Amino acid sequence: MDEQTLRVFLSLCETESTRDTAALLRVDQSTVSRTLARLEAGLGVELFRRHGRRIALNRAGVSFRGDAARVLDEIEVARRHVRQEALGARTVRLGFLQSVARWLVPRVVTELRRDDPDRRFELRQGFAQDLFGWLDDDVLDLALVTPPPPTRTTSWRLLHEQVLCVAVPPGHRLAGRASVGVDDLAGERFVAFSRTTELRGVVEGMLGAAGVEVEVAFESSEVDTIRGLVAAGMGVAVLPRPERPDAADPVYVPLEPRTTRRLGIAWADGARPPAAVTAVRPSPTMELRTF
């Protein structure tokens with residue numbers, strides 16, 4: 001019993017004619033008859049009732065029809081898997097933080113495609129904890145993310161450092177300052193990052209270390225939302241300074257002492273990524289300016 005035999009059988013189920021099946025499959029009618037005879041001999045039962053030139057499924061044939069269809073479906077699934085695996089050698093499953101979607105992701109994708117313009121990408125956005133989990137579960141090959149927590153063994157390489165600033169509305173009392181200390185934020189209304197984000201922990205750590213209390217007016221996991229609310233005068237925030245601020249942005253005042261957010265590329269320890277992914281891992285001598 002092979003794939004072609006099953007296809008002949010399933011076609012006969014539909015046409016109920018060896019002649020019509022031969023025409024559909026573009027084979028000789030005698031080939032169809034011999035194939036059916038071999039199948040029935042191998043199974044030890046007849047699958048059709050004969051009515052002159054017409055045939056019709058009997059009880060055994062009806063039972064076998066579903067099994068035959070499932071076997072062919074599994075063969076097609078196996079073929080798709082093989083094709084996807086072959087394509088996967090040029091596919092990078094890349095995850096990233098929402099806050100780097102507008103600037104770091106396009107730069108990295110451009111860099112990764114430089115040596116292979118046909119390289120494909122499967123992109124997935126998430127929080128840092130999600131990204132590290134997806135690396136562990138082999139959902140991602142690479143992730144653009146902050147450094148892994150000390151409890152993790154995920155491999156990580158620095159790509160970029162963002163300067164953290166106090167974002168304030170135009171006309172705010174701190175807007176004209178050259179720099180701002182954490183102490184200057186005492187009592188301010190804050191547009192804060194949600195507790196699911198790694199930046200929330202960074203900001204709370206800074207405030208807690210300085211003994212500074214603030215009033216949280218609103219929480220969001222999206223940098224763009226926080227920028228817009230700060231610019232509208234809803235409060236202040238600690239944000240990474242954007243690469244290219246636009247006219248609608250709030251005023252960014254650097255923190256003193258200088259504070260940065262480290263971003264890099266991560267992959268699972270012990271993973272065996274496709275050759276294309278291995279080729280684009282940053283090396284110790286990589287020039288970060290390419291990103």
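Higher on the page you've got the structure.
About the thresholds
Residues numbered from 1 in each chain as written. Predicted model: local features only at pLDDT ≥ 70, side-chain atom pairs only at ≥ 80, totals over all residues. Heavy atoms only, no water. Helix = DSSP H or I, 4+ residues; strand = E, 2+ residues; numbered from the N terminus. Buried < 20%, exposed > 50% of the residue type's maximum accessible area, 1.4 Å probe, protein only. Contact = heavy atoms within 4.5 Å. Areas by Shrake-Rupley, 256 points an atom, 1.4 Å probe, with all protein chains shown as cover. Phe/Tyr/Trp six-rings, centres within 6.5 Å; stacked < 30°, edge-to-face > 60°. Lys NZ or Arg CZ within 6 Å of the ring centre and 35° of its normal. 1 Å grid on protein atoms, 1.4 Å probe; cavity = no way out; pocket = protein on both sides within 12 Å on 5 of 7 lines; lining within 4 Å. Points joined across faces, edges and corners; volume = space filled by probe spheres on them. Axes fitted to C-alpha atoms, helices over the stretch in contact; angles between N-to-C directions. Parallel < 35°, antiparallel > 145°, perpendicular 65-115°, else oblique. Left-handed = near helix turned anticlockwise from the far one by under 90°. Nonpolar A, V, L, I, M, F, W, Y, C, P; charged D, E, K, R; others polar. Pairing = 2+ DSSP bridges. Right-handed = clockwise from strand over helix to strand, strands pointing away. Salt bridge = Lys/Arg side-chain N within 4 Å of Asp/Glu carboxyl O.

Peer 1: Can you walk me through the overall build of the protein in this structure?
Peer 2: If you tally the helices and strands in the protein, you get 9 helices and 11 strands. Across the 291 residues of the protein, 43% fall into the buried class. The contacts in the protein between residues at least 6 apart in sequence include a share of 71% that link residues at least 24 apart. Carbon and sulfur atoms make up 50% of the accessible area of the protein, which amounts to about 15,900 Å² in all.

Peer 1: Can you help me understand the packing of aromatic side chains in this one?
Peer 2: Two aromatic rings, taken as a pair, are described by how far apart their centres are and by the angle between their planes. Throughout the structure, instances matching the rule amount to 2 aromatic pairs. Cluster of aromatic residues (ring-pair linked, three or more members): Phe-9, Phe-48 and Phe-64. When the ring centre of Trp-134 is taken as reference, the NZ or CZ atom of Arg-124 above it lies at 4.7 Å.

Peer 1: Please explain the layout of surface pockets as it appears in this structure.
Peer 2: Over the atoms, a rolling probe the size of a water molecule traces out where space has been left empty. Of the volumes computed, that of the second largest pocket is approximately 300 Å³. Residue lining of the second largest pocket: 17 residues in total, with Arg-102, Asp-224, Arg-227, Pro-242 and Arg-244 positioned closest to the centre.

Peer 1: Can you walk me through the packing of helix 1 (residues 3-15) against helix 2 (residues 18-25) in this structure?
Peer 2: Interaxial distance between helix 1 and helix 2 falls to 9 Å at its minimum, and their mutual angle equals 125 degrees. The pairing of helix 1 with helix 2 is recorded here as oblique in orientation. Crossing angle aside, the handedness with which helix 1 passes helix 2 is right-handed. Of helix 2, the residues touching helix 1 (which contributes Gln-4, Arg-7, Val-8, Ser-11, Leu-12 and Thr-15) are Thr-18, Asp-20, Thr-21, Leu-24 and Leu-25. Of the residues assigned to the contact of helix 1 with helix 2, the class counts are 4 nonpolar, 5 polar and 2 charged.

Peer 1: What should I look at first to understand the pairing of strand 4 (residues 120-125) in this one?
Peer 2: The side chains of a regular strand alternate between the sheet's two faces. Summarising the sheet, strand 3 (residues 91-96) and strand 4 pair through 6 bridges and their orientation is parallel. Across the sheet, residue Phe-96 finds its bridge partner in strand 4, namely Gln-125. Once you follow strand 3 into helix 5 (residues 104-113) and on to strand 4, the crossover reads as right-handed.

Peer 1: Explain the packing of helix 1 against helix 3 (residues 29-43) here, please?
Peer 2: When two helices pack together, their arrangement is given by the angle between the helix axes and the distance between those axes. Where helix 1 meets helix 3, the axes come as close as 10 Å, and the angle between the chain directions of the two elements is 105 degrees. Comparing their axes, helix 3 and helix 1 come out roughly perpendicular. Packed against helix 1, whose contacting residues are Thr-5, Val-8, Phe-9 and Leu-12, the element helix 3 presents Val-32, Thr-35, Leu-36 and Leu-39 at the interface. Classifying every residue of the contact of helix 1 with helix 3 gives 6 nonpolar, 2 polar and no charged.

Peer 1: When you look at the pairing of strand 6 (residues 155-168) in this model, what are you seeing that I'm missing?
Peer 2: A large share of strand 6 lies buried, amounting to 11 of its 14 residues. Sheet analysis places strand 6 next to strand 11 (residues 260-267), joined by 8 bridges and oriented antiparallel. In the sheet register, Gln-162 faces strand 11, and the bridge partner there is Arg-261. As paired elements, strand 6 and strand 9 (residues 237-240) share 4 bridges and run antiparallel to each other. Counterpart to Val-166 in the pairing with strand 9 is Val-238. When strand 6 meets strand 10 (residues 251-254), the two strands line up antiparallel, connected through 4 bridges. Its bridge partner lying in strand 10, Val-166 is registered against Val-253.

Peer 1: Quick question: what am I supposed to make of empty space enclosed by the protein here?
Peer 2: If you walk through the whole model with that rule in mind, you get 1 cavity of 30 Å³ or more. There is about 30 Å³ of room inside the largest cavity. Taken together, Phe-190, Val-191, Ala-192, Phe-193, Arg-200, Val-203 and Val-238 make up the full set of residues lining the largest cavity. Elements supplying a minimum of two residues to the lining of the largest cavity: strand 7 (189-193) and helix 7 (198-210). By residue number, the principal contributor to the lining of the largest cavity is strand 7, which donates 4 residues.

Peer 1: Hey, could you run me through the pattern of salt bridges in this one?
Peer 2: When the charged atoms of two side chains lie near each other, side chains of opposite charge can form a pair. Per the stated rule, a full pass over the model turns up 22 salt bridges. The partner of Glu-14 in a salt bridge is Arg-65, and the shortest N-O contact between them spans 2.3 Å. Placement of Glu-14 in helix 1 and of Arg-65 in helix 4 (residues 59-88) is noted, with a sequence separation of 51 residues between them. Here Asp-20 ties to Arg-19 by a salt bridge, and the two come within 3.6 Å at their closest N and O atoms.

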